[in-house]
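Chain residues, written in single-letter form:
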Amino acid sequence: MSEELSHNEKCRKIIESIISRCNVNTNEEGGWSIAFGPDWGGNSLTIFDSKGSHTHVGIIAEGGTTEELIDQLHDLLVNGRGLSWEGGA
């Protein structure tokens, strides 16, 4: 059984994933870019990528915590789990 990462470790992994994706050399286009935008409020975000796709993370309901948002960002960007990316090429 693997050990659960602390939220500080998850934050580090999230940042490492973003840096890695932004600096990868894919074709002549360069790396992947990412932008964060508003979602449905609460503790939620919409994430956009350079190909025009987007996905959502966080908790819309009152009481959503930063820790839950970190868990969802980690699952999406590090573990490849979460809502699918919609749109784009």
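Presented here is an overview of the structure given in this document. (Residues numbered from 1 in each chain as written. Predicted model: local features only at pLDDT ≥ 70, side-chain atom pairs only at ≥ 80, totals over all residues. Heavy atoms only, no water.)

Spanning 17 residues, helix α1 (residues 7–23) covers 24 Å between terminal C-alpha atoms, matching the ideal 24 Å at 1.5 Å per step. For α1, the full list of buried residues reads Lys 10, Ile 14, Ser 17 and Ile 18. Down the axis, α1 shows its buried residues gathered within 95 degrees of arc, on one side only. Summarising the geometry of α1, the exposed residues directed more than 90 degrees from the buried face are Asn 8, Arg 12 and Asn 23. Its buried side turned inward, α1 meets β1 (34–37) and α2 (66–77). (Helix = DSSP H or I, 4+ residues; strand = E, 2+ residues; numbered from the N terminus. Expected span 1.5 Å × (residues − 1). Buried < 20%, exposed > 50% of the residue type's maximum accessible area, 1.4 Å probe, protein only. Arc of directions from axis to C-beta. Contact = heavy atoms within 4.5 Å.)

Once that is clear, we can look at the sheet that holds strand β3 (residues 54–59). Strand order in the open sheet formed by three strands is β1-β2-β3, with antiparallel pairing between adjacent strands. The outermost strands of the open sheet, each flanked by one partner alone, are β1 and β3. Averaged over neighbouring strand pairs, the angle between their axes works out to 25 degrees when direction is ignored. Where strand β2 (residues 43–49) and β3 come together, six bridges link them in antiparallel fashion. When the bridges of β3 are listed, Asn 43 appears paired with Ile 59. Lying over the sheet, α2 contacts β1, β2 and β3, oriented at roughly 150 degrees with respect to β3. (Pairing = 2+ DSSP bridges. Axes fitted to C-alpha atoms, helices over the stretch in contact; angles between N-to-C directions.)

For the structure shown, the criterion picks out four salt bridges. One salt bridge connects Asp 75 with Arg 81, and the closest N-O pair in it is separated by 2.7 Å. Taking the relative accessible area as the measure of exposure, Asp 75 reaches 26% and is therefore partly exposed. By relative accessible area, Arg 81 is classed as partly exposed at 48%. Three or more residues are tied together by salt bridges with common partners; here these are Glu 4, Lys 10 and Asp 71. (Salt bridge = Lys/Arg side-chain N within 4 Å of Asp/Glu carboxyl O.)

Of all hydrophobic cores here, the largest spans 11 residues; its members are Ile 14, Ile 18, Trp 32, Ile 34, Ile 47, Val 57, Leu 69, Ile 70, Leu 73, Leu 76 and Leu 77. Listed by contribution, the elements that provide at least two residues to this core are α1 and α2. Setting aside residues up to four positions removed in sequence, Leu 77 forms contacts with Ile 14, Ser 17, Ile 18, Arg 21 and Trp 32. (Core = buried A, V, L, I, M, F, W, Y, C linked by side-chain atoms within 4.5 Å.)

Mapped onto the secondary structure, Thr 55 falls in strand β3. Separated by 3.3 Å, the side chain of Thr 55 and the backbone oxygen of Ser 84 make a polar contact. If we skip the residues at most four places from it in the chain, Thr 55 touches Leu 45, Thr 46, Ile 47, Leu 76, Leu 83, Ser 84 and Trp 85. (Polar contact = N/O pair within 3.5 Å; in protein donor to acceptor, adjacent residues only side chain to side chain.)

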